[in-house]
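Letter by letter, the chains look like this.
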Amino acid sequence: MSKRLLFVFAALIIATMVLSACGPKASTYECTDAIGCVTVAPGDPIHLAYDMVINGPDATLGIDSRNGVEIAIAEKGQLLGHDVQLTGEDDGCSAEGGQASGTKLAADTTIVAVFGTSCSSAARVAVPLLSQAGFVIISASNTAPDLTKAGDPNNWPGYLRTAHNDTIQGAAAAQFAVDFLKVTKAATIHDGSLYAESLANQFAKVFQELGGTITAQEAVDPNQTDFKSVLTSLAPGGPELIYYPIFVKAGSLITRQAKETTGLENTSLMGADGMFSPDVTAGAGDAVEGLFVSSPDTSSFSQKYNDYFLPKYQELFGSEPVSIFHAHAYDATWMVMNAIEAVAVKDADGTLHIPRQALRDAMYATKDFQGLTGVLTCGPTGDCANPKIAVYEYHAGEYPPIKVWP
Amino acid sequence: MLRTWRQRITIADVVVWIIGLSIAFVVVYGSIKTIEVGKYNTRVWIDLTITGLALGGVYALIALGYTIVYGVLKMINFAHSEIFMSGPFTAVFLALALYKNGFWNSHPYISLLLVTLLAVTVSSTLAVLLERIAYRPLRTAPRLVPLITAIGASFFLQYAFRGFFGSGLQAYPELGFLKGTWTFGSIPVYKTQVVVIISALIMMLILYGFVQLTKMGKAMRAVSEDKEVAGLMGIDVDRIIMLTFALGGASAGLGGILYILLFPVVHFFMGFIPGLKAFTAAVLGGIGNVPGAFLGAMILGILEAVGPSLFLDGMGIAAPYQLKDAIAFIILVFILIIRPSGILGERITQTKA
């Protein structure tokens, strides 16, 4: 009896194996890609995903980038006869958020490419997961240098970015401090995030190379609200500039509290692109007057940015862009869609096969892509940006801030 | 003789004392070094201390709520940090409305009063509702049950506020008459800090006076001693507990307004960290004790503000302010090793005994 049962099971298993082996042969396409293929049945959408911060105090950063992705997808319409579907997770702008969202996305094998993450801290955790799942990952706003540094354990295959690398932004900020503000003493504050720490260190390095003195390098917890004591401890060093390349919530509180700290009343304040947000104007109140932030130079963007992109953004989302990486996200989306078009194989019935490694290779081979943010060419480690950094100055009650340099 | 001495001291005691002594050593050695290096002048130390006192004032008003609820119910109301958040978070909309029609600038005192009243009302009502809905049905349950409920209520309130008002930042408009400094002797002190410290002190005294001197306060103390017997003596226990929550909520609401004078930005998650700190302060001062909560909060505030510079700077540790919570909590552990029931905690058990 039991032998018979065993036989039946064995027969069933063999039958299943034979049938499943027959499956792909029924189609004319055979996947030979090293890390597999995505098959999109006729009528099914091509699945792209985002992993960006869309909740919490830093939400404007992620929502703005997502808007850029959506504009590009809407502009494209159908891709190789398929709709494009966009889903996503919240990276929380933190390592924990990156872990949760990365795990969730990596489990979905229908995803072809992921736009994200919004924050470098999240990238450090999420990118390994997404890379091992075989996706193309392209970020519009991760700027930490090690993510695209050759040989670095944080540089993963399949990861690219259209955002500038912070070695450039930090250096530009130091250059601005010396050339425009003509300061010789500066202090830095970071919040322990990968983004802020590498920017602060890069700034300090270049500032010292240019002959300046760093009076102190401090760190704070971004969830705190009291920065008075840390600011007070900076004052005796007599910094003429405090550089705190952190995020909106802590950044606006530091801006406000620095103005009320004895000895820092006339110190210039400067942040980076993470503080380019209307929430800073709201959070810092009148203290925002004279705050500098470095950011990609939108005036160097292509003509299409003003002629097509901005009106479209206004039309779809009813506002001016709320942060600064929408154009980078838009470019990233077009690069992914172009690469899919280049490598995908279409069956006669409309079934689409996208080989994953070939798609990655096509992404890395991107050359002279005419994007909004400039003419983009990707390097072998995934840096695709053509960065032009400018410095903007906030004025009380006004948004956006005004470009002052270069 | 030797044997009894040996029996009385366990290995755990020795470890605890070694930890205690090493903390004390770091504190003393670090302070001496910092003062020797002389990077900061007296002025900086005074500024840091005042910052710490102001921070302590906010912690104190939240800690009062924790402590009186604990004193009466022997229960830790973890949702208290959300009661603290609810006041200023609701009142910001009134403040912004007043600011838009110009009333805020033309009548700043009345505006501040209105905003404070609203914040206090919201916080206190919410505390009473919370007690009625979430805690009263569980009053006879084991002690862990209301504690878990409180944590649940805390999350519920946080995310309810996020749902209603969004997750962005809301900023209070500035109050002209609180801008700038007052000079005491030769030291300029920010007006907001003075207001915060003095209001916290007054609120603590009022609460202490209420508990010690009024009939209601006497009833509260009776309920705290023994609920059943207090009930037999003709005290309406439910009413007294409601009153306790209302008082705790009101002081949290006031604390919220003082908080926004210092840090004029509200956010649905703003209660979490101050709440945690205030709870710590209440334990430090001896939970259940009103002046203890105030004292504990002030000590914690000063430790956070002065500690990193004083203890770590001289030893050449970079970015000491990253470690401010670590320092505050290590000192807290140290104090609790010496006085396990908190700084003023023992006095209560003595009077009770």
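Residues numbered from 1 in each chain as written. Chains lettered and ligands numbered in written order. Predicted model: local features only at pLDDT ≥ 70, side-chain atom pairs only at ≥ 80, totals over all residues. Heavy atoms only, no water.

Participant: Help me understand the nonpolar core in this model?
Facilitator: For soluble globular proteins, the rule of thumb is that nonpolar side chains tend to be buried together. Leu48, Phe203 and Ile340 of chain A together with Tyr172 of chain B are the most contacted members of the largest nonpolar core, which totals 208 residues. Counting residues per element, this core draws most heavily on helix 3 (residues 42–73) of chain B, which supplies 18 residues. For this core, the domains that each give at least three residues are domain 1 (39–165 + 300–389) and domain 2 (167–298 + 390–405) of chain A. Among residues more than four places away in sequence, those in contact with Leu48 of chain A are Ile73, Val84, Gln85, Leu86, Thr87, Val112, Ala113, Phe115, Val336 and Ile340 of chain A. The next biggest cluster of nonpolar side chains, apart from the first, holds 13 residues, and it includes Ile111, Val114, Val127 and Ile137 of chain A. (Core = buried A, V, L, I, M, F, W, Y, C linked by side-chain atoms within 4.5 Å. Buried < 20%, exposed > 50% of the residue type's maximum accessible area, 1.4 Å probe, protein only. Helix = DSSP H or I, 4+ residues; strand = E, 2+ residues; numbered from the N terminus. Domains from an automatic or database assignment. Contact = heavy atoms within 4.5 Å.)

Participant: Can you walk me through the pattern of salt bridges in this structure?
Facilitator: Charged atoms that come close allow side chains of opposite charge to pair. Scanning the entire structure with this criterion turns up 18 salt bridges over all chains. Of the charged contacts in the structure, one is a salt bridge between Asp383 of chain A and Arg161 of chain A, with a shortest N-O distance of 2.9 Å. Taken together, the positions of Asp383 of chain A in the loop between strand 15 (374–376) and strand 16 (389–393) and Arg161 of chain A in strand 6 (residues 159–161) put the pair 222 residues apart, joining distant regions of the chain. A relative accessible area of 22% means that Asp383 of chain A is categorised as partly exposed. The partner of Glu131 of chain B in a salt bridge is Arg136 of chain B, and the shortest N-O contact between them spans 3.4 Å. One connected set of salt bridges, linked through shared partners, spans Glu131, Arg136, Arg139 and Asp238 of chain B. (Salt bridge = Lys/Arg side-chain N within 4 Å of Asp/Glu carboxyl O.)

Participant: Even after reading the chapter, I still don't get the confidence of the model for chain B, so can you show me in this structure?
Facilitator: Low-confidence regions, as indicated by low pLDDT, have predicted coordinates that should not be scrutinised in detail. All names here are of chain B. Taken over all residues, the pLDDT of chain B has a mean of 85, while the share at 70 or more is 96%. Of all helices and strands in chain B, the one with the weakest mean pLDDT is helix 15 (residues 345–352) (52), whereas helix 6 (residues 108–135) scores best (91). Scored below 50 in pLDDT, residues 347–353 makes 5 contacts in the model with residues more than four places away or belonging to other chains. (pLDDT = per-residue confidence, 0-100.)

Participant: When you look at the packing of aromatic side chains in this model, what are you seeing that I'm missing?
Facilitator: A ring pair, where both rings are aromatic, is described by two values, the distance of the centres and the angle of the planes. With the rule as written, the count across this model stands at 28 aromatic pairs over all chains. Considering the side-chain rings of Phe25 of chain B and Tyr29 of chain B, the 5.5 Å spacing of their centres and the 15° angle between planes classify their relative orientation as stacked. Taken together, the residues span about one helical turn, with Phe25 of chain B and Tyr29 of chain B both in helix 2 (residues 11–37) at a distance of 4 residues. The class of Phe25 of chain B is exposed, set by a relative accessible area of 53%. Its relative accessible area of 37% is what places Tyr29 of chain B among the partly exposed residues. An aromatic cluster of three or more residues is present, and its members are Phe301, Tyr305, Phe309, Tyr313, Phe317 and Tyr330 of chain A. When the ring centre of Tyr190 of chain B is taken as origin, the NZ or CZ atom of Lys228 of chain A, which lies over that ring, is 5.2 Å away. (Phe/Tyr/Trp six-rings, centres within 6.5 Å; stacked < 30°, edge-to-face > 60°. Lys NZ or Arg CZ within 6 Å of the ring centre and 35° of its normal.)

Participant: Could you clarify how one ought to interpret the pairing of strand 7 (residues 185–190) of chain A in this entry?
Facilitator: Looking along a regular strand, one sees side chains alternate from face to face of the sheet. Residue and element names in this part refer to chain A. Burial runs high along strand 7: 5 of the 6 residues are buried. Relative to strand 8 (residues 213–219), strand 7 runs parallel, the two being bridged by 6 bridges. Of the residues in strand 8, the one forming a bridge with Ala186 is Ile214. The parallel pair strand 7 and strand 8, bridged by helix 6 (residues 194–209), forms a crossover whose chirality is right-handed. In this structure, strand 7 lies alongside strand 9 (residues 241–243), joined through 3 bridges in parallel fashion. In the sheet register, Ala186 faces strand 9, and the bridge partner there is Leu241. (Pairing = 2+ DSSP bridges. Right-handed = clockwise from strand over helix to strand, strands pointing away.)

Participant: Sorry if this is basic, but what is going on with the side chain of Thr333 of chain A here?
Facilitator: Residues and elements named next belong to chain A. Mapped onto the elements of the fold, Thr333 is located in helix 11 (residues 326–343). For Thr333, a relative accessible area of 0% gives the class buried. Discounting chain neighbours no more than four positions away, the residues touching Thr333 are Val69, Ala72, Ile73 and Phe115.

Participant: Would you take a moment to explain empty space enclosed by the protein for this structure?
Facilitator: With a probe scaled to a water molecule rolled over the atoms, the places where space remains empty come into view. Enumeration according to the criterion identifies 7 cavities of 30 Å³ or more in this entry. In this structure, the largest cavity encloses a volume near 210 Å³. Looking at the lining of the largest cavity, the elements with two or more residues in it are helix 8 (248–259) of chain A together with helix 3, strand 4 (265–266) and helix 12 (272–285) of chain B. (1 Å grid on protein atoms, 1.4 Å probe; cavity = no way out; pocket = protein on both sides within 12 Å on 5 of 7 lines; lining within 4 Å. Points joined across faces, edges and corners; volume = space filled by probe spheres on them.)

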